[in-house]
Amino acid sequence: MTQYFLTMPHDSATEPTMESMQAMDPAELAAVMAAVDEFNTALVESGAFRFAGGLHPPSTAKTVDASGAEPRVLDEPFVEAPLYVGGFWVIDAADEAAAVEWATRASRAVRCPIEVRALQGEPEG
């Protein structure tokens, strides 16, 4: 089994948070939350679920650079971009096709695109 990182983007201009989600239409929010719960349950029951989480927006990020003589801590994201990773799942899947199928189900649940990337394995040798 390979582990895959499924990521959900958010728009950097709006930086949605759990609090801002409360401004959504209550019926739409309930539908999305129920779909995500159903998706997460299916992942767990299949044995594919490893872990998942939501991330605070980039405005809360700190970047630590200890590559020089003195470490620097910056109150900013590592990369500025129009989109950022707002949430993720790490799953086990037999192959990329299976991971894409899970991502398709996730995309339907959260109503946005999902990026699929395999985690690198241990080097052989």
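The name recorded for the protein in an unreviewed UniProt entry is YciI family protein, from Agromyces tropicus. What the UniProt record of the protein gives under Sequence similarities (unreviewed entry) is the line "Belongs to the YciI family."

*Asks:* It is not clear to me how the packing of helix H2 (residues 26–46) against helix H3 (residues 96–110) should be interpreted in this structure. Could you clarify?
*Replies:* Two numbers describe a pair of packed helices, the interaxial angle and the distance between the axes. Where H2 meets H3, the closest approach of the two axes is 7 Å, and the angle between their N-to-C directions is 160°. Put simply, H2 runs roughly antiparallel to H3. Read as a crossing pair, H2 and H3 show a hand that is left-handed. On H3, the residues that touch Val 32, Ala 35, Val 36, Phe 39, Ala 42, Leu 43 and Ser 46 of H2 are Trp 102, Arg 105, Ala 106, Ala 109 and Val 110. Taken together, the residues of the contact of H2 with H3 break down into 10 nonpolar, 1 polar and 1 charged.

*Asks:* For this particular structure, what's the right way to read the nonpolar core?
*Replies:* If you look at soluble globular proteins, the nonpolar side chains tend to sit buried side by side. Among the nonpolar cores identified, the biggest contains 20 residues, and Leu 6, Trp 89, Ile 91, Trp 102 and Ile 114 are the most heavily contacted of them. Counting only elements with at least two residues in this core, the list comes to strand S1 (2–11), H2, strand S5 (83–93) and H3. Beyond its immediate sequence surroundings of up to four residues, Trp 89 is in contact with Tyr 4, Phe 5, Leu 6, Phe 39, Asn 40, Leu 43, Phe 49, Phe 51, Ala 52, Ala 106, Val 110 and Ile 114.

Definitions and cut-offs
Residues numbered from 1 in each chain as written. Predicted model: local features only at pLDDT ≥ 70, side-chain atom pairs only at ≥ 80, totals over all residues. Heavy atoms only, no water. UniProt positions renumbered as here; feature names shortened; annotations may be inferred. Axes fitted to C-alpha atoms, helices over the stretch in contact; angles between N-to-C directions. Helix = DSSP H or I, 4+ residues; strand = E, 2+ residues; numbered from the N terminus. Parallel < 35°, antiparallel > 145°, perpendicular 65-115°, else oblique. Left-handed = near helix turned anticlockwise from the far one by under 90°. Contact = heavy atoms within 4.5 Å. Nonpolar A, V, L, I, M, F, W, Y, C, P; charged D, E, K, R; others polar. Core = buried A, V, L, I, M, F, W, Y, C linked by side-chain atoms within 4.5 Å. Buried < 20%, exposed > 50% of the residue type's maximum accessible area, 1.4 Å probe, protein only.

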